[in-house]
Amino acid sequence: MSTTIKKLTAEDVDALIEIARESWKWTYRDIYSNEFIESWISEKYSKEKILNEIIRSLSNFDIIFLGALVNSTLTGFIELKIIADKAELLRLYLKPEYTRRGIGKLLVSEAEKIMNTKCIAECRLYVHKQNRIGISFYKKNGFEVKDIDGEDLVMEKNYTY
Ligand code: ACO
C-alpha cells in the first residue's frame, strides 16, 4: 500500500464529501440518526462550502486542507484552521476500511510539519465524548484532554521551538 499526502484541490470535492458521509455514518452510528447525519453532511459539507475552503487553503495561509491518497484514490482528509499562533483541528476523517493503517497519523504529522513552519504553539480539537476510536487516536498522537464542552472533549497539544 503506497500512501501519499497532498494538498486538496477542486477536483477532490466530490470524493471528499463521500468520505465524510461514509465516515460519519460509521463513526457516529450509535450517536446520531441517519437522518441527522444526512442533514449535517448536506449542510456542513455542501459542495459550495468545501470548494470554498479548498480554494482558501490553496490561496491563503489560514486553512490547512490535506488529503491521503492510497494508490491514487482519496481515502481521507484533515482540515485545520490557523489563527495567529494557534491551530484548531477541525476535521479528520478516513474511509472506514482504511482506518488503523497509520494514515491518520501520517495526515497529522504532515499537518504538523506545516504548523511547524508557521511556529504554531498549540493545536486544539473537539471530539465527541463517545468517539472511543478518535479519543484513543488523539491520545496516542500527543493530545491531552483539557476540558469538556457539551457533548465534546476538548483536547490540546502544545509545541515548543
Ligand atoms: N478500532 C479501534 N481503534 C482504532 C481504530 C479502529 N478501527 N482505528 C484507529 N484506531 C485508533 C487506535 O488508537 C489505534 O491504535 P492501536 O492500533 O494501537 O489500538 C490508532 O488509532 C491507530 O492509528 P492510525 O492507524 O494512525 O489511525 P487511523 O489511520 O485509523 O486514523 C482516525 C485515526 C482519523 C480517527 C480514523 O480512525 C477515522 O477516520 N476514524 C473515524 C472518524 C473520526 O472519528 N474522526 C475524528 C473525529 S474528531 C475531529 O475530526 C476533530
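Structural data are supplied above this passage.
What counts and how
Residues numbered from 1 in each chain as written. Predicted model: local features only at pLDDT ≥ 70, side-chain atom pairs only at ≥ 80, totals over all residues. Heavy atoms only, no water. Core = buried A, V, L, I, M, F, W, Y, C linked by side-chain atoms within 4.5 Å. Buried < 20%, exposed > 50% of the residue type's maximum accessible area, 1.4 Å probe, protein only. Helix = DSSP H or I, 4+ residues; strand = E, 2+ residues; numbered from the N terminus. Contact = heavy atoms within 4.5 Å. Pairing = 2+ DSSP bridges. Axes fitted to C-alpha atoms, helices over the stretch in contact; angles between N-to-C directions.

## Some points on the nonpolar core
Then step 1. Of all hydrophobic cores here, the largest spans 27 residues; its most connected members are I78, L80 and L89.
Then step 2. For this core, the secondary structure elements donating two or more residues are β2 (63–70), β3 (73–83), β4 (86–94), α4 (103–117), β5 (122–128), α5 (132–140) and β7 (152–158).
Then step 3. Among the elements that line this core, the one with the most residues is α4, at 5 residues.
Then step 4. What L89 contacts, discounting residues up to four positions off in sequence, is I78, E79, L80, C123, R124, L125, Y138 and F143.
Then step 5. Of all hydrophobic cores here, the second largest spans 19 residues; its members include L8, I19, A20 and Y45.

## Comments concerning the sheet that holds β7
Then step 1. Read from one edge to the other, the open sheet built from 7 strands follows the order β1-β2-β3-β4-β5-β7-β6, with strand pairing classed as mixed. Pairing within the sheet leaves two strands with one partner each, and these edge strands are β1 (3–7) and β6 (144–149). Ignoring strand direction, the axes of neighbouring strands in this sheet form an average angle of 25°.

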